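Residue-level structure breakdown
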Amino acid sequence: MRTPAAMIVGLVLCPCGLLLTLTGTLAPNWRQVSLLPDQPMDLILEQGIWDTCRERQSSHDRLCGQPDELGYFEQVPVRVAQGLMPSSLILTLLGLVVAALGVRCWQKEPRHLLAGVAGLVLLLSGLLSLIPASWYTHELWALPAPAGSTLVVGYSLVLSYLGSCLEILGGLALTLSFHRCCKERRAPRLPPSPVLETGSRSTTGACHNPWDVLADERDGQHWKSTLPCDSDL
């Protein structure tokens, strides 16, 4: 049996979403702060959920581990992102393992119920990463920043958004396996067909070759069969 298209879509989108979400979680670029007062014009402050880096655009000198003087990491959206983003990554890995066992590309028949459960897990993981990304975007201009500076959305936040959406779409594709599972359970099960027998022999032995027919006629034991044989024509 061919692997259903919905399962293939889910197995393609979810790993891509995992890579994007992992990059967005680790890279310190959820927000860019530029035009800092009393600082060079080409200095940019990159803030993530774990670290803060500063970079000179002219020389590309980058220095991470900057002190948090304004209490950026103590804000609720950042703390929520620190908790939900790793949880989403763990759930995504778990969902991919369950999905691989359910789809079973190396076997003839996939396990639709297991694939559907994996879809629910992956859908939940996508929501867990989408919530902090959305909340952070909503509070991006309210988070502490130097006065007079310019705030811009960083690429890590965009990658987190894309990864979350891919995981949600892949999870929804895998949950379509529940439809196939319910369809199989509702299908009527036909009883096994009885084996027809004639005398002490089944119909599989009703037809004989010509030599057996002649031998039976000599012995007066001609078998009666409900099926015509080549020798009777």
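From a predicted model like this one, the values you see are computed outputs, not experimental measurements. (Residues numbered from 1 in each chain as written. Predicted model: local features only at pLDDT ≥ 70, side-chain atom pairs only at ≥ 80, totals over all residues. Heavy atoms only, no water.)

Right, let's get into the pairing of strand E3 (residues 52-56). As judged from the five bridges shared by strand E2 (residues 43-47) and E3, these two strands associate in the antiparallel manner. Looking across to E3, one finds that Leu-45 is bridged to Arg-54. Inspection of the sheet shows E3 paired to strand E4 (residues 62-64) by three bridges, in the antiparallel sense. Among the inter-strand pairings, Arg-54 is bridged to a residue of E4, identified as Leu-63. Connecting E3 to the next strand, E4, in antiparallel fashion are five residues, including His-60 with a positive phi near 60°. (Pairing = 2+ DSSP bridges. Helix = DSSP H or I, 4+ residues; strand = E, 2+ residues; numbered from the N terminus.)

The next thing to look at is the pattern of salt bridges. Opposite charge on two side chains permits them to pair, given that their charged atoms come into close proximity. The full count for this structure, using the stated rule, is four salt bridges. Between Glu-46 and Arg-62 there is a salt bridge; the shortest N-O distance is 2.5 Å. Here the residue Glu-46 occupies a position in strand E2, and Arg-62 occupies one in strand E4, the gap between them amounting to 16 residues. With relative accessibility at 6%, the residue Glu-46 sits in the buried group. For Arg-62, a relative accessible area of 40% gives the class partly exposed. A single network of salt bridges, built from pairs that share partners, joins Glu-46, Glu-55 and Arg-62. (Salt bridge = Lys/Arg side-chain N within 4 Å of Asp/Glu carboxyl O. Buried < 20%, exposed > 50% of the residue type's maximum accessible area, 1.4 Å probe, protein only.)

Another aspect to go through is the sheet that holds E4. Strand order in the open sheet formed by five strands is E4-E3-E2-E1-E5, with antiparallel pairing between adjacent strands. Of all the strands in the sheet, the pair left with one neighbour each is E4 and strand E5 (150-153). Ignoring strand direction, the axes of neighbouring strands in this sheet form an average angle of 20°. (Axes fitted to C-alpha atoms, helices over the stretch in contact; angles between N-to-C directions.)

A cluster of nonpolar side chains, contributed by Trp-141, Val-153, Val-158 and Leu-162, occupies part of the molecular surface with about 380 Å² of accessible area. Following the sequence through the fold, Val-153 ends up in strand E5. (Patch = residues over 30% accessible without salt bridge, like charges linked within 9 Å, V, L, I, M, F, W, Y side chains within 5 Å. Areas by Shrake-Rupley, 256 points an atom, 1.4 Å probe, with all protein chains shown as cover.)

Core analysis: the largest hydrophobic core is formed by 17 residues, its most contacted members being Trp-30, Ile-49, Tyr-72, Val-78, Tyr-136 and Leu-157. For this core, the element with the most residues is helix H2 (residues 76-103), which contributes three residues. Sequence-distant contacts of Tyr-136, that is, excluding residues within four places in its chain, are made with Trp-30, Arg-31, Gln-47, Tyr-72, Pro-77, Val-78, Leu-143 and Leu-157. Counting residues in each nonpolar core, the second largest holds 12 residues, with Met-7, Ala-115, Ala-118 and Leu-174 among its members. (Core = buried A, V, L, I, M, F, W, Y, C linked by side-chain atoms within 4.5 Å. Contact = heavy atoms within 4.5 Å.)

With that settled, consider the packing of aromatic side chains. Evaluated as defined, the whole model comprises two aromatic pairs. Ring geometry for Trp-30 against Tyr-136: centres 5.1 Å apart, planes inclined by 80°, an arrangement best described as edge-to-face. Of this pair, Trp-30 sits in the loop between helix H1 (5-26) and strand E1 (31-34) while Tyr-136 is found in helix H3 (residues 112-138), placing the two residues 106 residues apart along the sequence. Each member of the pair, Trp-30 as well as Tyr-136, carries the same accessibility label: buried. Ring centres of Tyr-72 and Phe-73 lie 5.0 Å apart, and the angle between their planes is 75°; this geometry places the pair in the edge-to-face category. Here the two residues Tyr-72 and Phe-73 agree in accessibility, since each one is buried. (Phe/Tyr/Trp six-rings, centres within 6.5 Å; stacked < 30°, edge-to-face > 60°.)

Applying the stated rule across the entire model yields one disulfide. Here Cys-53 is linked by a disulfide to Cys-64, with a sulfur-sulfur distance of 2.0 Å. Its S-S torsion of approximately 100° makes the covalent link between Cys-53 and Cys-64 right-handed. Remark: Cys-64 occurs in strand E4 and Cys-53 occurs in strand E3; sequence separation between them is 11 residues. Given a relative accessible area of 1%, Cys-53 falls into the buried group. Of the residues examined, Cys-64 reaches a relative accessible area of 38% and is grouped as partly exposed. Cys-14 carries a free sulfur, and the closest cysteine sulfur to it, the one in Cys-16, is 9.1 Å from it. Under the relative-accessibility criterion, Cys-14 is labelled buried at 0%. (Disulfide = S-S within 2.5 Å.)

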